[in-house]
Amino acid sequence: ILNVEQSPQSLHVQEGDSTNFTCSFPSSNFYALHWYRWETAKSPEALFVMTLNGDEKKKGRISATLNTKEGYSYLYIKGSQPEDSATYLCASPTGANNLFFGTGTRLTVIP
Amino acid sequence: DAGVTQSPTHLIKTRGQQVTLRCSPISGHKSVSWYQQVLGQGPQFIFQYYEKEERGRGNFPDRFSARQFPNYSSELNVNALLLGDSALYLCASSLGDRVRDEQFFGPGTRLTVL
């Protein structure tokens with residue numbers, strides 16, 4: 001079992017604002033870090049899988065960075081839109097890709 | 001292409017009963033994982049199966065069991081249901097069981113235990 005933590009628990013931002021949230025994970029025996037977006041009434045959708053220290057990934061207005069030595073990852077959203085409203089989850093796997101999730105950051109973008 | 005499918009969508013059971021949840025992975029995916037999600041928490045890992053073998057088990061009692069069939073579909077069984085088993089049960093499939101393999105989630109089965 002891995003202890004994965006996310007902050008903040010929830011966040012309200014105005015449309016057009018940029019925002020970021022944090023995922024912390026054990027830095028020892030690190031294998032990978034997964035980010036998911038989970039919209040209400042839908043299935044969790046994979047955003048990024050990151051494995052290397054210093055990794056930076058980008059998909060449209062969303063990007064993520066990874067620091068495996070200190071055990072954290074940041075997710076950034078540039079110019080938030082109402083459709084970005086969702087719960088953002090991070091998860092770290094054991095060696096067999098059994099994912100251990102944080103509790104998520106619930107983002108609400110106010111039009 | 002069809003995504004991960006789960007059945008049933010919703011289920012209501014009473015304490016002490018048994019339940020079977022089903023999952024069909026994306027075609028070509030050989031790994032299936034099961035997660036339990038209760039309100040306010042992230043999904044909790046229950047089981048992973050790869051090529052019909054159990055590859056991981058989370059911190060759940062023996063009342064929970066699962067299996068994977070030759071076509072890679074999977075069933076999750078829960079015996080002697082408790083009120084605390086009420087949750088959304090998610091199934092996810094991936095090509096393999098490597099740590100960089102992206103997991104694709106189904107819509108979940110909402111189980112309510114009365």
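Computed from a prediction, not measured in an experiment: that's the story for all the values here. (Residues numbered from 1 in each chain as written. Chains lettered and ligands numbered in written order. Predicted model: local features only at pLDDT ≥ 70, side-chain atom pairs only at ≥ 80, totals over all residues. Heavy atoms only, no water.)

Undergrad: Describe in detail the sheet that holds strand E3 (residues 19–24) of chain B, supporting the description with residues and values.
TA: All names here are of chain B. Taking strand neighbours across the sheet as the criterion, the four strands line up as E1-E3-E8-E7 in an open arrangement whose pairing is antiparallel. Each of the sheet's edge strands pairs with one partner strand only, and the pair in question is strand E1 (5–7) and strand E7 (64–68). On average, each strand axis in the sheet is inclined to that of its neighbour by 15 degrees, with strand direction left out of account. For E3 and strand E8 (residues 74–78), the ladder comprises five bridges, and the chain directions are antiparallel. In the strand pairing of E8, Thr20 is matched with Asn77. (Pairing = 2+ DSSP bridges. Helix = DSSP H or I, 4+ residues; strand = E, 2+ residues; numbered from the N terminus. Axes fitted to C-alpha atoms, helices over the stretch in contact; angles between N-to-C directions.)

Undergrad: Explain unusual backbone geometry residue by residue, including any values.
TA: Omega for the peptide link from Ser7(A) to Pro8(A) comes to -5 degrees, which places this bond in the cis form. The residue Pro8(A) is located in the loop between strand E1 (5–7) and strand E2 (10–14) in this model. Look at the link from Ser7(B) to Pro8(B): it is a cis peptide, with omega at -10 degrees. Along the chain, the position of Pro8(B) falls in the loop between E1 and strand E2 (10–13).

Undergrad: Can you lay out the pattern of salt bridges for me, pointing to particular residues and giving the numbers?
TA: All names here are of chain B. Tallied over the entire structure, the rule returns 11 salt bridges over all chains. Residues Arg22 and Glu75 are paired through a salt bridge, measuring 3.4 Å at the closest nitrogen-oxygen approach. With Arg22 in strand E3 and Glu75 in strand E8, this residue pair connects regions lying 53 residues apart in the sequence. Residue Arg22 is classed as partly exposed on the basis of its relative accessible area, which comes to 40%. (Salt bridge = Lys/Arg side-chain N within 4 Å of Asp/Glu carboxyl O. Buried < 20%, exposed > 50% of the residue type's maximum accessible area, 1.4 Å probe, protein only.)

Undergrad: Quick rundown of the interface of chain B and chain A? Include the residues and the values.
TA: Tallying the contact residues gives 23 residues for chain B and 23 residues for chain A. Here chain B and chain A share an interface that buries about 1,700 Å² over both sides, 61% of which is from carbon and sulfur atoms. In terms of surface lost to chain A, no three residues of chain B exceed Pro43(B), Val99(B) and Phe105(B), which account for 33% of the buried area on that side. Across the contact surface, chain B and chain A share zero salt bridges. At the junction of chain B and chain A, the tally comes to four residue pairs in polar contact (both at pLDDT 80 or more). Those elements that provide at least two residues to the side of chain B that touches chain A are strand E4 (31–37), strand E5 (44–50), strand E6 (53–57) and strand E9 (87–94) of chain B. For the side of chain B that touches chain A, a count of residues per class yields eight nonpolar, nine polar and six charged. (Contact = heavy atoms within 4.5 Å. Buried area = accessible area lost by both parts, 1.4 Å probe. Polar contact = N/O pair within 3.5 Å; in protein donor to acceptor, adjacent residues only side chain to side chain. Nonpolar A, V, L, I, M, F, W, Y, C, P; charged D, E, K, R; others polar.)

Undergrad: How would you summarise the state of the cysteines if you had to cite specific residues and measurements?
TA: Residues and elements named next belong to chain A. Counted under the stated rule, the structure contains two disulfides over all chains. What pairs with Cys23 in a disulfide is Cys90, and their sulfur atoms sit 2.0 Å apart. Looking down the S-S bond of the Cys23 and Cys90 bridge, the torsion is 85 degrees, so its handedness is right-handed. Here Cys23 is found in strand E3 (residues 19–24), whereas its partner Cys90 is found in strand E9 (residues 86–93), with 67 residues between them in sequence. Pair check on accessibility: Cys23 and Cys90 agree, each one buried. (Disulfide = S-S within 2.5 Å.)

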